[in-house]
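# Structural overview for review
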2 protein chains.
Amino acid sequence: MNTTNKSAIVLFAHGARDPEWAQPFRKIKRLLEARQPGVAVELAFLEIMKPALADAVAKLVLTGYRSIKIAPLFMAQGGHLKNDLPKILDDIRAGHPGVELTLLPAVGDVDPVLDAITDWLVSATAG
Amino acid sequence: MNTTNKSAIVLFAHGARDPEWAQPFRKIKRLLEARQPGVAVELAFLEIMKPALADAVAKLVLTGYRSIKIAPLFMAQGGHLKNDLPKILDDIRAGHPGVELTLLPAVGDVDPVLDAITDWLVSATAG
């Protein structure tokens with residue numbers, strides 16, 4: 001199967017000891033897969049949970065994907081996204097020349113998401 | 001000024017060393033204040049950044065608020081929200097009898113927010 005022109009995305013989250021913590025990310029993965037059956041979606045985590053980002057990317061590259069978006073599902077830009085993630089991406093890029101990795105903004109940098117959070121808080125405080 | 005029947009909400013986030021990290025939460029605060037001028041909005045943080053949740057609540061109580069919503073702006077439910085936050089809320093309640101504190105779900109438990117994140121990721125992968 002030629003998948004070189006197909007898109008893939010990795011949802012990259014912090015990770016936690018509590019298994020339940022991953023539920024929202026699994027739900028977003030299911031929602032994305034339902035909306036875009038042709039786009040491969042993988043989860044990956046910075047700490048504690050598996051797989052690591054490098055392993056999720058390696059799996060996609062092995063399957064033939066050459067253009068992979070990385071979506072950091074973090075509330076905001078801090079040390080994890082500014083310092084840790086660039087190093088991880090540099091290592092991944094060095095191991096997969098010819099694979100294009102595109103980093104998306106953090107959740108908290110996306111205005112429509114902030115609007116949705118605001119809508120929720122307006123309804124919660126009105127109740 | 002009688003504010004006992006007015007609503008207040010505290011946006012409770014993790015905190016980080018990088019000052020820029022707080023920007024999305026400040027933006028949500030501004031959006032909420034614009035939408036609901038009558039609702040007091042405070043920010044508070046679990047770690048590193050100030051004020052702590054207890055200080056934000058104390059400020060609102062001093063101003064006359066008796067019914068305060070706590071919105072944990074965390075991506076998911078883990079140890080911070082399941083273990084740390086209940087203890088913090090118990091301590092706050094013990095210090096402010098007669099004040100009603102209502103805990104809202106985490107961002108990742110709110111379906112319209114997950115839908116907005118999914119919409120964003122669909123447009124990002126389509127691009």
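Let me begin by describing the structure that accompanies this report.

Quick reminder: α-helices carry 3.6 residues per turn. Residues three or four places apart thus point the same way. Inspection of helix H2 (residues 53–62) of chain B places Leu53, Ala56, Val57, Leu60 and Val61 of chain B among the buried residues, and these make up the whole buried set. Summarising the axial view, the buried residues of H2 of chain B lie within an arc of 135°, below the 170-degree limit, and thus occupy one face.

With 46 residues of chain B at the interface, the matching set in chain A holds 46 residues. For the chain B and chain A pair, buried surface summed over both sides reaches about 4,000 Å², with 70% attributable to carbon and sulfur atoms. Broken down residue by residue, the surface that chain B buries against chain A is led by Met75, Trp120 and Thr125 of chain B, which jointly contribute 17%. Taken together, the links from chain B to chain A amount to 8 salt bridges. Among the ionic pairs, Lys27 of chain A bridges to Asp111 of chain B, the shortest N-O distance being 2.6 Å. The interface formed by chain B and chain A includes 12 residue pairs in polar contact (both at pLDDT 80 or more). For the side of chain B that touches chain A, the secondary-structure elements that each account for two or more residues are strand E1 (8–13), helix H1 (23–35), strand E3 (67–72) and helix H4 (111–126) of chain B. Here the side of chain B that touches chain A gets 15 residues from one element, more than from any other, and that element is H4 of chain B. In the side of chain B that touches chain A, the residues fall into 29 nonpolar, 8 polar and 9 charged.

Here we take up the sheet that holds strand E4 (residues 100–103) of chain A. Backbone-to-backbone hydrogen bonds join strands into a sheet, with any given pair of strands oriented parallel or antiparallel. All names here are of chain A. On the basis of which strands lie adjacent, the open sheet formed by 4 strands has the order E2-E1-E3-E4 and parallel pairing. Among the strands making up the open sheet, the edge pair consists of strand E2 (40–45) and E4. Across the sheet, the mean angle from the axis of one strand to that of its neighbour is 25°, orientation sign disregarded. Of the strand pairs in this sheet, strand E1 (residues 8–13) and strand E3 (residues 67–72) are connected by 5 bridges, and their pairing is parallel. Note on E3: the bridge partner recorded for Leu11 is Ala71.

Further remarks concern the sheet that holds E3 of chain B. Residue and element names in this part refer to chain B. The sheet built from 4 strands is open, its strands ordered E2-E1-E3-E4 with parallel pairing. In this open sheet, the two strands that pair with only one neighbour each are strand E2 (40–45) and strand E4 (100–103). Taken over all neighbouring pairs, the strand axes of this sheet differ in orientation by 25° on average, direction set aside. Against the sheet, H2 makes contact with E1, E2, E3 and E4, and its axis sits at roughly 160° relative to E2, the strand it touches most. Most of the contacts of helix H3 (residues 79–95) go to E4, to which it runs at about 170°, and overall it touches E1, E3 and E4.

Across soluble globular proteins, you tend to see nonpolar side chains buried next to one another. Grouped together as the largest cluster of nonpolar side chains are 58 residues, with contacts concentrated most on Leu11, Ile117 and Leu121 of chain A together with Leu11, Ile117 and Leu121 of chain B. Contributions of two or more residues to this core are made by E1, helix H1 (23–35), E2 and helix H4 (111–126) of chain A together with E1, H1, E2 and H4 of chain B. Not counting chain neighbours up to four residues away, the residues in contact with Leu11 of chain A comprise Phe25, Ile28, Lys29, Leu32, Val41, Glu42, Leu43, Ala44, Ala71 and Leu73 of chain A together with Leu121 of chain B.

Criteria and thresholds
Residues numbered from 1 in each chain as written. Chains lettered and ligands numbered in written order. Predicted model: local features only at pLDDT ≥ 70, side-chain atom pairs only at ≥ 80, totals over all residues. Heavy atoms only, no water. Buried < 20%, exposed > 50% of the residue type's maximum accessible area, 1.4 Å probe, protein only. Helix = DSSP H or I, 4+ residues; strand = E, 2+ residues; numbered from the N terminus. Arc of directions from axis to C-beta. Contact = heavy atoms within 4.5 Å. Buried area = accessible area lost by both parts, 1.4 Å probe. Salt bridge = Lys/Arg side-chain N within 4 Å of Asp/Glu carboxyl O. Polar contact = N/O pair within 3.5 Å; in protein donor to acceptor, adjacent residues only side chain to side chain. Nonpolar A, V, L, I, M, F, W, Y, C, P; charged D, E, K, R; others polar. Pairing = 2+ DSSP bridges. Axes fitted to C-alpha atoms, helices over the stretch in contact; angles between N-to-C directions. Core = buried A, V, L, I, M, F, W, Y, C linked by side-chain atoms within 4.5 Å.

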